[in-house]
Amino acid sequence: MAQRTTEILVGLFMIAGIAALLVLALQVSGLSPKSAESTYTIYANFNDTGGLTPRGRVSMAGVTVGTIESITLNKETFQARVRMSISSDVDNIPADSSAVIRTSGLLGEQYIDISIGAEVESLKEGDTFYSTQSAMNLERLISNFASGRAGN
Amino acid sequence: MDSSAYISLEDVVFSRSGRRIFDGVSLEIPRGKITAIMGPSGTGKTTLLRLIGGQLRPDSGRVVVDGHEVPKLRRKALYAFREKMGMLFQSGALFTDLSVFENVAFPLRVHTRLPEDMIRDIVLMKLEAVGLRGARHLMPSELSGGMTRRVALARSIALDPELILYDEPFAGQDPIAMGVLVKLIRDLNSSMGLTSVLVSHDVPESLSICHYACIIADGRVIGEGSPEQLREHPSGQVQQFLQGQPDGPVPFHYPAEGAARDFGLSGGVS
Amino acid sequence: MIERIAAFGRLGLDTVSSFGRSGRFLAGVLGGVPRPATGFPLLMKQLYAVGVLSLPIIVVSGLFIGMVLALQGYTILSDYGSEAAIGQMIALTLVRELGPVVTALLFAGRAGSALTAEIGLMKATEQLSSMEMMGVDPLRRVVAPRLWAGFIAMPVLAAIFSVIGIWGGMLVGVDWLGVFEGSFWGNMQSSVDFVDDVLNGMVKSVVFGFVCTWIAVYQGYDCVPTSAGISSATTKTVVYSSLAVLGLDFVLTAVMFGDF
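The name an unreviewed UniProt entry gives chain B is ATP-binding cassette domain-containing protein, with Marinobacter metalliresistant as the organism.

S.K.: Give a detailed account of the overall build of chain B, specifying residues and quantitative values.
M.R.: Along its length, chain B carries 10 helices and 10 strands. Principal-axis analysis of the C-alpha atoms places the extent of chain B at approximately 80 × 40 × 40 Å. Counting only residues that meet the buried cut, chain B has 50% of its 270 residues in that class. Once local pairs closer than 6 in sequence are excluded, the contacts in chain B between residues at least 24 apart make up 62%. As presented, chain B carries roughly 13000 Å² of accessible surface, and 52% of it is formed by carbon and sulfur atoms.

S.K.: Help me get a handle on helix H5 (residues 145-156) of chain B, residues and values and all.
M.R.: If you check H5 of chain B, its first and last C-alpha atoms are 17 Å apart, about what 12 residues at 1.5 Å a residue would give, namely 16 Å. For H5 of chain B, the set of buried residues is Gly146, Thr148, Arg149, Arg150, Val151, Ala152, Leu153, Ala154, Arg155 and Ser156 of chain B.

S.K.: Got a sec to walk through the sheet that holds strand S7 (residues 163-167) of chain B? Specific residues and values, please.
M.R.: All names here are of chain B. Within the open sheet, the six strands sit side by side as S6-S7-S8-S3-S9-S10. Their pairing is mixed. The sheet is open, and its two borders are formed by strand S6 (85-88) and strand S10 (220-225), each paired with just one other strand. Shown here is a sheet whose adjacent strand axes are inclined to one another by a mean of 15°, direction ignored. Summarising the sheet, S6 and S7 pair through four bridges and their orientation is parallel. Counted as the bridge partner of Leu88 is Tyr166 from S7.

S.K.: Please give an account of empty space enclosed by the protein that cites residues and values.
M.R.: According to the stated counting rule, one finds two cavities of 30 Å³ or more in the structure shown. Counted as a void, the largest cavity has a volume near 120 Å³. Around the largest cavity, the lining is made up of 15 residues, and of these Met85, Gly86, Arg155 and Ser156 of chain B together with Met134 of chain C lie nearest the centre. Sorting the residues of the lining of the largest cavity by element identifies S6 and H5 of chain B together with helix H5 (127-133) of chain C as the ones contributing at least two each.

S.K.: Give me the pairing of strand S4 (residues 60-65) of chain B: which residues, what numbers.
M.R.: Residue and element names in this part refer to chain B. Across five bridges, the pairing between strand S1 (residues 5-16) and S4 is antiparallel. Bridge pairing in S4 links Leu9 to Val63. Note that S4 and strand S5 (residues 68-69) share two bridges and pair antiparallel. Bridge pairing in S5 places Val65 opposite His68. Turn length for the S4-S5 hairpin, with the two strands adjacent in sequence and antiparallel, is two residues, and the turn residue Asp66 shows positive phi of about 50°.

S.K.: Can you break down the pattern of salt bridges residue by residue, with the values?
M.R.: Under the defined criterion, the tally for this structure stands at 20 salt bridges over all chains. Asp249 of chain C is the salt-bridge partner of Lys204 of chain C, the closest N and O atoms lying 2.9 Å from each other. Of this pair, Lys204 of chain C sits in helix H8 (residues 194-222) while Asp249 of chain C is found in helix H9 (residues 227-257), placing the two residues 45 residues apart along the sequence. A single burial state applies to Lys204 of chain C and to Asp249 of chain C, both of which are buried. Through salt bridges that share partners, Glu10, Arg62, Glu69 and Lys72 of chain B make up one connected network.

S.K.: Could you give an account of the packing of helix H6 (residues 138-176) of chain C against H8 of chain C, naming the residues involved and the relevant values?
M.R.: All names here are of chain C. Where H6 contacts H8, the axes come no closer than 8 Å and their chain directions differ by 150°. Classified by the interaxial angle, the pair formed by H6 and H8 is roughly antiparallel. Seen along the crossing, H6 lies across H8 with a hand that is right-handed. Residues Pro138, Leu139, Val143, Arg146, Leu147, Gly150, Phe151, Met154, Pro155, Ala158 and Ala159 of H6 pack against Met202, Ser205, Val206, Phe208, Gly209, Phe210, Cys212, Thr213, Trp214, Val217 and Tyr221 of H8. Its residues placed into classes, the contact of H6 with H8 shows 17 nonpolar, four polar and one charged.

S.K.: Lay out unusual backbone geometry in plain terms, naming residues and giving numbers.
M.R.: Phi at Asp11 of chain B is positive, roughly 55°, even though this residue is not glycine. By the element assignment, Asp11 of chain B lies in strand S1. You will see that Glu126 of chain C, though not glycine, has its phi angle at about 65°, which is positive. Following the sequence through the fold, Glu126 of chain C ends up in the loop between helix H4 (86-124) and H5.

S.K.: How would you explain a nonpolar patch on the surface if you had to name every residue and give the values?
M.R.: Residue and element names in this part refer to chain A. On the surface, a nonpolar cluster with roughly 360 Å² of combined accessible area is contributed by Ile8, Leu9, Leu12 and Ile15. Positionally, Leu9 belongs in helix H1 (residues 2-28). You can call Leu9 partly exposed: its relative accessible area is 30%.

S.K.: Could you give an account of the UniProt feature "domain: ABC transporter" (unreviewed entry) in chain B, with specific residues and numbers?
M.R.: In the UniProt entry, the feature "domain: ABC transporter" (unreviewed entry) is given for residues 7-243 of chain B. Taken end to end, residues 7-243 of chain B is 39% helix and 26% strand, and its first and last C-alpha atoms sit 28 Å apart.

S.K.: Give me the layout of surface pockets: which residues, what numbers.
M.R.: There is about 1500 Å³ of room inside the second largest pocket. Surrounding the second largest pocket, 43 residues form its lining, Gln55 and Leu56 of chain B together with Lys123, Glu132 and Tyr221 of chain C being those nearest its centre. For the lining of the second largest pocket, the secondary structure elements donating two or more residues are strand S2 (19-30), helix H1 (45-53) and helix H2 (75-82) of chain B together with helix H1 (2-30), H4, H5, H6 and H8 of chain C. Classifying every residue of the lining of the second largest pocket by side-chain character gives 15 nonpolar, 12 polar and 16 charged.

Rules used in this analysis
Residues numbered from 1 in each chain as written. Chains lettered and ligands numbered in written order. Predicted model: local features only at pLDDT ≥ 70, side-chain atom pairs only at ≥ 80, totals over all residues. Heavy atoms only, no water. Helix = DSSP H or I, 4+ residues; strand = E, 2+ residues; numbered from the N terminus. Buried < 20%, exposed > 50% of the residue type's maximum accessible area, 1.4 Å probe, protein only. Contact = heavy atoms within 4.5 Å. Areas by Shrake-Rupley, 256 points an atom, 1.4 Å probe, with all protein chains shown as cover. Expected span 1.5 Å × (residues − 1). Pairing = 2+ DSSP bridges. Axes fitted to C-alpha atoms, helices over the stretch in contact; angles between N-to-C directions. 1 Å grid on protein atoms, 1.4 Å probe; cavity = no way out; pocket = protein on both sides within 12 Å on 5 of 7 lines; lining within 4 Å. Points joined across faces, edges and corners; volume = space filled by probe spheres on them. Salt bridge = Lys/Arg side-chain N within 4 Å of Asp/Glu carboxyl O. Parallel < 35°, antiparallel > 145°, perpendicular 65-115°, else oblique. Left-handed = near helix turned anticlockwise from the far one by under 90°. Nonpolar A, V, L, I, M, F, W, Y, C, P; charged D, E, K, R; others polar. Patch = residues over 30% accessible without salt bridge, like charges linked within 9 Å, V, L, I, M, F, W, Y side chains within 5 Å. UniProt positions renumbered as here; feature names shortened; annotations may be inferred.

Here it is in structure tokens:
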């Protein structure tokens with residue numbers, strides 16, 4: 001009888017542990033069962049990626065549609081090549097869209113925002129963005145501003 | 001010694017943390033008899049039992065029990081061999097988280113696959129043998145010292161061993177409990193025909209029940225024989241031990257430097 | 001001078017030999033096939049003692065640590081106007097670091113010391129010896145279920161600790177300090193990665209669980225069987241476990257998160 005009580009309590013304990021792990025997975029890390037869904041890969045070349053990091057998000061109109069897979073240096077053009085995977089649901093990104101590096105908030109993390117183009121053709125697996133806009137560098141901005149004023 | 005030896009120790013040397021505890025002990029323990037091993041405290045009597053049980057290995061020499069050379073047994077064989085052996089520890093060593101019944105049932109549950117009602121019968125039989133059938137529901141913490149030892153005795157005979165080792169069974173017992181234990185040890189030996197080895201420093205009780213006794217001191221056997229032979233033993237050390245004289249071959253004083261010097265009286269204080 | 005060097009050398013040899021003994025001890029415990037029929041109830045009993053009974057202290061500590069994190073984080077983050085990042089801060093701190101580490105420290109203090117004292121006392125009262133004489137290996141019968149129980153219970157406790165902590169942080173952050181709930185969870189979800197953060201944290205707690213229980217049962221089994229010996233073994237358990245947890249935490253963190 002006591003043995004049975006022990007078993008039930010231990011069972012509850014283990015269930016609590018598994019439930020906690022589920023909470024950590026679903027609620028805390030936002031892992032959704034859909035995360036294994038199919039994606040396709042597109043690229044973008046930037047002159048300056050600033051503080052962009054792998055695992056960062058890619059969004060359109062503020063909605064996350066993909067993640068940044070890797071950031072590498074193209075040794076010929078000396079540009080950064082960003083590889084990102086986009087959810088297959090979003091398969092109609094116009095081919096003349098541009099990738100813009102933005103910052104969430106003043107000091108927040110940097111992410112890629114896709115600003116929508118107008119063309120009928122859409123980006124396919126392995127395509128590269130035609131136009132990009134590099135990270136806004138606060139220091140450079142200030143020095144531009146200061147020198148512009150001096151020249152005035 | 002009418003029957004063959006059940007246990008024989010040959011020239012056993014054993015030392016622990018640099019101290020030599022046995023310096024060539026040779027001993028034969030007859031089958032089916034009660035043998036008492038006596039000696040002053042600290043002579044390694046318990047160590048001797050542990051050597052027989054294979055919990056310790058001698059530095060050199062042979063320990064043979066029922067034809068098995070104990071120190072050479074492999075782990076598995078050693079554990080199988082111990083099933084034929086019961087040991088009564090000085091403290092009883094009952095499992096404090098189990099009831100009296102479960103304590104006695106423990107070896108049966110581990111080593112046999114008997115059905116529950118048979119285990120129950122055997123346990124109650126063993127508890128009856130030590131007169132504690134009514135105490136089966138008690139926990140070890142509720143038992144007196146004498147009862148603890150009787151439960152432990154019931155547990156060590158649960159598997160009907162051939163050999164039973166008693167480690168100081170009489171130490172710290174009141175006269176009634178001691179009488180009970182003496183009776184139990186004698187009865188068990190005669191009814192079950194087992195070989196008993198008794199380690200003790202309680203001379204009268206031990207000599208009253210044993211068929212054969214030996215006295216160990218300073219890492220050696222200093223005297224052995226039947227109780228009558230021992231009482232007539234010529235050695236002064238044996239006589240001092242048997243009669244409990246405070247001074248004799250074993251000095252009253254622990255070895256020390258000269259008293260005069262120790263107390264600073266020898267005039268060398270400059 | 002020579003004596004000092006000799007003493008130092010002896011200390012080194014003692015340390016190495018005690019590592020060796022604990023390794024052999026571990027091999028003795030884990031070697032051999034567990035028998036499910038007898039092993040399972042024993043494991044249940046130990047899981048109850050080590051896991052279920054540790055829950056209250058884990059839950060209460062987790063709650064308070066989460067609440068403190070929220071308060072402290074809010075004070076600092078509100079200077080930069082980014083209170084919304086509080087969720088992310090609490091979750092990352094708990095899941096990566098405080099969850100496994102604080103759980104392990106509490107575990108060493110509560111369950112580890114109890115294991116050492118229990119096994120030490122069984123040794124002192126000759127229960128282990130008598131088991132051996134009954135042909136039962138105490139390493140497998142007494143030590144192995146305890147080791148496995150600690151190994152299993154620790155990640156469970158750490159996960160519960162983290163969840164309760166995050167909940168406590170939400171209570172303070174959202175209900176009391178008025179951070180918008182959507183951004184609390186949203187920021188958290190966008191920055192916490194399941195594999196990199198949650199699973200790595202779990203790996204940590206598995207390692208800590210193993211090391212803490214190993215130290216606890218070894219100290220109990222190896223103690224000098226007197227009351228002074230048991231008390232010193234219990235102290236050693238808590239001290240060694242805490243040091244091992246903190247040291248290993250550094251190593252594991254460097255390996256897991258070092259390249260970020």
